[in-house]
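# A structural walkthrough
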Amino acid sequence: EDKVVQSPLSLVVHEGDTVTLNCSYEVTNFRSLLWYKQEKKAPTFLFMLTSSGIEKKSGRLSSILDKKELFSILNITATQTGDSAIYLCAVDSTDSWGKFQFGAGTQVVVTP
Amino acid sequence: ETGVTQSPTHLIKTRGQQVTLRCSSQSGHNTVSWYQQALGQGPQFIFQYYREEENGRGNFPPRFSGLQFPNYSSELNVNALELDDSALYLCASSLGGTQYFGPGTRLTVL
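Described below are features of the structure shown in this document.

### Comments concerning the packing of aromatic side chains
Applying the stated criterion to the full structure yields 12 aromatic pairs over all chains. A ring pair is formed by A:Tyr36 and B:Phe101, whose centres lie 5.3 Å apart and whose planes are at 90°; its orientation type is edge-to-face. Here A:Tyr36 is found in strand S4 (residues 30-38), whereas its partner B:Phe101 is found in strand S10 (residues 98-101) on a different chain. Overall, the relative accessible area of 1% leaves B:Phe101 in the buried class. For the ring pair B:Tyr35 and B:Phe45, a centre distance of 5.7 Å and an interplane angle of 70° mean the geometry is edge-to-face. Of this pair, B:Tyr35 sits in strand S4 (residues 31-37) while B:Phe45 sits in strand S5 (residues 44-50), and the two are 10 residues apart along the sequence.

This is the structure we're talking about:
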């Protein structure tokens, strides 16, 4: 059975700290891995990763995929209170294209 | 803002009732997916519609049904509501393998 596991489940950091979130997966016929940020309701798209070892970057956020070890990390540097949110990882496979399997999410709280 | 809208924002129903949730896709997106997100969990895939046909279903009973219209808007219908159906219902429209989510409908079943 396909599985997506995120860790840690939650963490609290101070403004300015760096955060590293993990997502490991077991999916048959992997196609892509996506990261979303969920603040109140709608998850907002951050990154889509399909190739191993290529870092995607957007401002203070970056992410990388390791298809051999079946995991991805999301880094947030110089955290701000506005980074407080739930970060969701989702995996797509060629067997069930577009039917994303999500992890439970990591809740990040950034304190001033 | 993703351009995906959902209505209503909140809904309270009682056990046994039926509910219809609506979603308007982002312009140009012909695929819509529905997810259920219980408190403290990640979204769970319910089903997907592509060009008005169901294109895959998750592990949800038949009392969860849907429709997609020619303008690619969509409905999720849930019959015989149960307490465990209380959740945030999200729809997402797709382009290029990326799904863009609407703000969700918070359903409470009493």
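Next comes the rest of the account.
### Examining the pairing of S4(A)
Residue and element names in this part refer to chain A. Burial of S4 is extensive: 8 of the 9 residues sit out of reach of the surface. Judged from the 6 bridges that link them, S4 and strand S5 (residues 43-49) form a sheet pairing that is antiparallel. Considered in S5, the bridge of Lys-37 is made with Thr-44. In this structure, the hairpin formed by S4 and S5 is closed by a connection of 4 residues.

### Here we look at the sheet that holds strand S7 (residues 61-66) of chain A
Residues and elements named next belong to chain A. Ordered in space as S1-S3-S8-S7-S6, the 5 strands form an open sheet in which the pairing is antiparallel. A strand with exactly one partner marks an edge of an open sheet, and here the two such strands are strand S1 (3-7) and strand S6 (56-58). Neighbour-to-neighbour, the strand axes of the sheet open up by a mean angle of 15°, direction not taken into account.

### Some details on the sheet that holds strand S7 (residues 64-68) of chain B
Residues and elements named next belong to chain B. Spatial strand order, S1-S3-S8-S7: 4 strands in an open sheet with antiparallel pairing. Here the strands that pair on one side only, and so sit at the sheet edges, are strand S1 (5-7) and S7. Between one strand axis and the next, the sheet turns through 20° on average, direction left out of account. For strand S3 (residues 19-24) and strand S8 (residues 74-78), the ladder comprises 5 bridges, and the chain directions are antiparallel. When the sheet's bridge partners are listed, Cys-23 is paired in S8 with Ser-74.

### Focus: the environment of B:Pro8
Residues and elements named next belong to chain B. As for its placement among the helices and strands, Pro-8 is situated in the loop between S1 and strand S2 (10-13). Distance in space between the C-alpha atoms of Pro-8 and Tyr-89 is 11 Å, their sequence separation being 81 residues. Dropping the residues within four chain positions of it, Pro-8 is found in contact with Thr-20, Leu-21, Gly-104 and Thr-105.

### Quick notes on the state of the cysteines
What the rule picks out here adds up to 2 disulfides over all chains. Each sulfur of the disulfide joining A:Cys23 and A:Cys89 lies 1.9 Å from the other. In this structure the cystine formed by A:Cys23 and A:Cys89 twists about its S-S bond by roughly -60°; its chirality is therefore left-handed. In this pair, A:Cys23 is assigned in strand S3 (residues 19-26) and A:Cys89 in strand S9 (residues 85-93), connecting sequence segments 66 residues apart. Under the relative-accessibility criterion, A:Cys23 is labelled buried at 1%. Given a relative accessible area of 0%, A:Cys89 falls into the buried group. What pairs with B:Cys23 in a disulfide is B:Cys91, and their sulfur atoms sit 1.8 Å apart.

### Topic: the interface of chain B and chain A
Interfaces are frequently sized by the accessible area removed from exposure as the parts join. Each partner contributes to the interface: chain B provides 25 residues, whereas chain A provides 17 residues. If you look at where chain B meets chain A, you find 0 salt bridges. Breaking the side of chain B that touches chain A down by element, the ones donating at least two residues are S4, S5, strand S6 (53-57), strand S9 (87-95) and S10 of chain B. By residue number, the principal contributor to the side of chain B that touches chain A is S10(B), which donates 4 residues. Considering only residue class, the side of chain B that touches chain A consists of 8 nonpolar, 16 polar and 1 charged.

Rules and cut-offs
- Residues numbered from 1 in each chain as written.
- Chains lettered and ligands numbered in written order.
- Predicted model: local features only at pLDDT ≥ 70, side-chain atom pairs only at ≥ 80, totals over all residues.
- Heavy atoms only, no water.
- Phe/Tyr/Trp six-rings, centres within 6.5 Å; stacked < 30°, edge-to-face > 60°.
- Helix = DSSP H or I, 4+ residues; strand = E, 2+ residues; numbered from the N terminus.
- Buried < 20%, exposed > 50% of the residue type's maximum accessible area, 1.4 Å probe, protein only.
- Pairing = 2+ DSSP bridges.
- Axes fitted to C-alpha atoms, helices over the stretch in contact; angles between N-to-C directions.
- Contact = heavy atoms within 4.5 Å.
- Disulfide = S-S within 2.5 Å.
- Salt bridge = Lys/Arg side-chain N within 4 Å of Asp/Glu carboxyl O.
- Nonpolar A, V, L, I, M, F, W, Y, C, P; charged D, E, K, R; others polar.

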